[in-house]
Amino acid sequence: MRLKTLSFIAAALPLSAHAQDVRVAVDIAPVHSLVSLVMEGVGAPDLIVPQTASPHDHSMRPSEARALDQADVVFWIGPDLTPWLEKSVDTLAADALVVNVMTDPATKTMPFREGATFEAHDHHDHGAEHKDDHNDEHDDDHADGHDEDGHEDHADTHDESHDEAHNDEAHHDDDHHDAHGDGQDPHVWMDPDNAQNWVAVIAATLAEADPANKAVYLQNAANASSRFAQLDADVRARLAPIKGIPFVVSHDAYHYFEAHFDIEAVGAIAASDAQSPSPKRLVEIRNTIEQTQAKCVFTEPAENRDWISAVAPDVGIGELDPIGFDVPLGPDHYFETIRALSVSLAKCLSD
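Within each chain, residues carry numbers counting from 1 in the order of the written sequence. A pLDDT threshold of at least 70 governs which residues receive local features in this predicted model, and a stricter bar of 80 or more applies before side-chain atom pairs are shown or counted, although totals over entire chains, interfaces and linings include all residues. Side-chain metrics in this entry use all non-hydrogen atoms of the structure; hydrogen atoms and water are not considered.

(A) Focus on the overall build of the protein chain. The secondary structure listing takes helices from DSSP runs of H or I that are at least 4 residues long and strands from runs of E that are at least 2 residues long, numbered from the N terminus. When you go through the protein chain residue by residue, the secondary structure sums to 12 helices and 8 strands. To sort residues, take the accessible area from a 1.4 Å probe on protein chains only and compare it with the maximum for the residue type: under 20% means buried, over 50% means exposed, and anything in between is partly exposed. Here the protein chain holds 351 residues, and the buried ones make up 53% of them. Throughout, a residue-residue contact means that at least one pair of heavy atoms, one from each residue, lies within 4.5 Å. Summarising the internal contacts of the protein chain: among those between residues at least 6 apart in sequence, 68% fall at separations of at least 24.

If you want it as structure tokens, here you go:
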């Protein structure tokens, strides 16, 4: 929701609302952390999707539905990440101020990467802003080397065996993209620039919804800038020695992180943690690991590792966690989750 509409919506809230009366609900743990950071010293938001659950297909518990129903303000990535949540937001939170951070004008978005293996990309071109008419704008920004849907044209750079495997995956990828609407990768929180922009949006939203604590929200947001600067410096320093070393991820959730920090996976075993890879995709990944001499394959917490043993029995195994599975909730959660990714990458790829 655009900030210019906030004054109108906030005016509909009770004028007597104070911190303890303003209830805030958030979809996933990393965004919950950013809201917690802004609300520090005032209150704490409710989390809808548990850290241990997949955002793509979680079934809400009664307590989570109740938190959404009681919320005055809701922050979420949007239906591209949690399509199952859209109806509940529309009904249970019908009277709440709902902010979809993925559609904020400052949010950088990227298209899904096609196929099991990834081509080298110029990450510096990934920062097109997400507008209301972002499909057209995205096509303009990525016209060179992309088809009309915003996907890269690999026809000239892949051999016949790759094309066969890629075509076999096409219907799987189409199903995956249909589930997320317009084909934009919803793992947008993995770019710290997006997270820092959202902190400002969160603070402005809460300042209007709870004017009694406006100064606290805005000050907390201002203080966060140094934390993001330190995070960026720490992660870049840790990743510098392993740049260029090939690796594979279990599913394609790290494109924004890779783009921001100028590293890149060579492939993903599955397009999503909500679907299984086809046999041909597994073959393609196995071939890619052999051809690139990928040093590590990264799984995720509580994930079935049978696929990894099938495609890479002799390759190192690391673990990446995009949600912060066991990182304590709160203002530090986002920063520790991003740092942990760099620690895991550096450990496996430098061993």
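Picking up where we left off.
(B) Looking closely at the sheet that holds strand β5 (residues 247-251). Two strands are counted as paired when DSSP detects at least two bridges linking them. Read from one edge of the open sheet, 4 strands run β6-β5-β7-β8, paired in parallel fashion. The outermost strands of the open sheet, each flanked by one partner alone, are β6 (267-270) and β8 (316-319). Taken pair by pair, the neighbouring strands of this sheet meet at an average axis angle of 30°, ignoring direction. Across 4 bridges, the pairing between strand β7 (residues 296-299) and β8 is parallel. Bridging from a neighbouring strand, C296 pairs with G316 of β8. Of the strands in this sheet, β5, β6 and β7 are in contact with helix α10 (residues 279-292), which crosses β6 at around 150°. Only the stretch in contact is used when fitting a helix axis, every axis being a line fitted to C-alpha atoms; angles between N-to-C directions are given from 0 to 180 degrees. Across the face of the sheet, helix α12 (residues 333-350) comes into contact with β5, β7 and β8 while running at roughly 150° to β7.

(C) Structural context of the state of the cysteines. Count a disulfide wherever a pair of cysteine sulfur atoms falls within 2.5 Å. This model, assessed by the stated rule, comprises 1 disulfide. In this model C296 forms its disulfide with C348; the gap between the sulfur atoms is 2.0 Å. Sign of the S-S torsion, about -105° for the bond between C296 and C348, identifies this disulfide as left-handed. Of this pair, C296 sits in strand β7 while C348 is found in helix α12, placing the two residues 52 residues apart along the sequence. Just as C296 is buried, C348 falls in that class too.

(D) Summary view of the nonpolar core. Remark: nonpolar core denotes a set of buried residues (Ala, Val, Leu, Ile, Met, Phe, Trp, Tyr, Cys) joined through side-chain atoms within 4.5 Å. Membership of the largest hydrophobic core comes to 77 residues, with the highest contact counts inside it found for I77 and F257. By residue number, the principal contributor to this core is helix α7 (residues 192-209), which donates 8 residues. Residue contacts for I77: discarding those within four places in its chain leaves D27, I28, V31, N100, V101, M102, P186, V188, W189 and W198. Counting 13 residues, the second largest nonpolar core, distinct from the first, contains A116, V266, V297 and I308.

(E) Just the packing of helix α2 (residues 29-39) against α12, in detail. In contact at an axis separation of 7 Å, α2 and α12 are set at 135° when each is read in the N-to-C sense. Here α2 is positioned oblique relative to α12, judged by the angle of their axes. For the pair α2 and α12, the contacting residues are A29, P30, S33, L34 and L37 in the first and H333, Y334 and F335 in the second. Note that Gly is not counted as nonpolar here; it falls among the polar residues with everything else outside the nonpolar set of Ala, Val, Leu, Ile, Met, Phe, Trp, Tyr, Cys and Pro and the charged set of Asp, Glu, Lys and Arg. Across the contact of α2 with α12, the residue classes break down as 6 nonpolar, 2 polar and no charged. Roughly parallel covers angles under 35 degrees, roughly antiparallel covers those over 145, roughly perpendicular covers 65 to 115, and oblique covers all other angles.

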